[in-house]
Amino acid sequence: MEKQVENNIIINEQLNKFTIMSYNVRCCDDILRYELNGSVNTRVNYVIKNILHYMPDSIGFQEVTISSDKKAITWDSLLKEGLKNNYIGIGVGRDKGKKSESNPIFYNKNKLFLLDQGTKWLSPEPDKPYTEFPPPRDGCKRILTYAILKNIKSKIIYIHINTHLDYKYTQNRVRQIKVVIDFISKFGNKYPILLTGDFNCGNKKNDIEKLDAVPYLLKHGFFNAAFEANDCFNFWTFPSIDYIRNVYDFCKKRGIHKNGKKIEEQKYCDKYCDEERGSIIDYCFRSNNKIKFSKYKVVTDYQICGGISSDHYPIYIEGYFIQ
């Protein structure tokens, strides 16, 4: 089936279609701070079920623990094992030493071929490993991971870039996103480019009005999938009262959780169940006119995996490449 889009360009909907996800898996075992099914070993099964339900072409993960010790049980090793029949993961840790965090990209090996991949540090010297900007910063080195992928059937090449920005300081997020934009600019308009990640930048009025990473992207020619897709289920991607209701029914001065503990006995409950803290901080952007977003969904489908996989909701996006 063919479809006519802007500038009389005709695309083949099936051949040119892409699907992509962004998924912050929460690195630690204290995932929701509610002491219920919080371990990585438990949650990885939920993550894998979500991924295999949607079967995206590529996935940008954040907070994936990684180790140079091949015997260590990490998010990286668990995901690679659980998804090995369908996906290959690429990416390196942001820090020196045995243990680190990464924001890898996993691509569907049955649909895509990897042409190139790499990591850049979000610093004044992006090509120099383990570098970062001077203070203020959140104490974590930040990176972007990229994969240049070729569709086996359509032969279309696209670039998936995945990142995770500073969680404390607006100033540092802007410095970091400038590095991302500079890297993307080197490709010009040659390939379709998709940017996913946890930007730690909300979408509320005060976030939009101040100069932060997401407004900076929008002002510099990037397009948000949530704004562009006609088929859109837009919702919080980071803790909200609704997130807790999905699992526990009632929260914060409304009763008790299903695990039987009173609210005042729930660790960190007030902090993380506050309705006003719910925000959208996970995104997918396009950087040029070679892409058209058609569907955007915040994945709140508890019934798919039977549990809560992270303290973030993953996002799922569909669209078409325009040649």
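Everything here concerns the structure above.
Computed from a predicted structure; not experimentally measured.

**Concerning the sheet that holds strand β13 (residues 223-224)**
Pairing is mixed in the open sheet, where six strands are placed in the order β9-β10-β11-β12-β15-β13. The two strands at the open ends of the sheet, each matched to only one other strand, are β9 (112-121) and β13. Sheet topology places strand β10 (residues 143-151) next to strand β11 (residues 157-164); seven bridges connect them, and they run antiparallel. Counterpart to L149 in the pairing with β11 is Y158.

**Side note on the side chain of S67**
Its location among the elements puts S67 in strand β5 (residues 64-67). Among the polar contacts made by the side chain of S67, one reaches the main-chain amide nitrogen of D69 at a distance of 3.0 Å. In contact with S67, other than residues within four places in its own chain, are A72, T74 and K98.

**Considerations on the nonpolar core**
Core analysis: the largest hydrophobic core is formed by 30 residues, its most contacted members being I161, I177, L195, F199, L217 and F285. Of all the elements in the fold, those that place two or more residues in this core are β10, β11, α3 (170-185), β12 (193-198), α5 (213-219) and β15 (282-286). Of the residues forming this core, the biggest block, seven residues, is contributed by α3. Not counting residues within four places of it along the chain, the set of residues in contact with I161 comprises I105, L144, T145, Y146, F183, I184, I193, L194, L195 and T196.

Reading the values: rules and limits
Residues numbered from 1 in each chain as written. Predicted model: local features only at pLDDT ≥ 70, side-chain atom pairs only at ≥ 80, totals over all residues. Heavy atoms only, no water. Pairing = 2+ DSSP bridges. Helix = DSSP H or I, 4+ residues; strand = E, 2+ residues; numbered from the N terminus. Polar contact = N/O pair within 3.5 Å; in protein donor to acceptor, adjacent residues only side chain to side chain. Contact = heavy atoms within 4.5 Å. Core = buried A, V, L, I, M, F, W, Y, C linked by side-chain atoms within 4.5 Å. Buried < 20%, exposed > 50% of the residue type's maximum accessible area, 1.4 Å probe, protein only.

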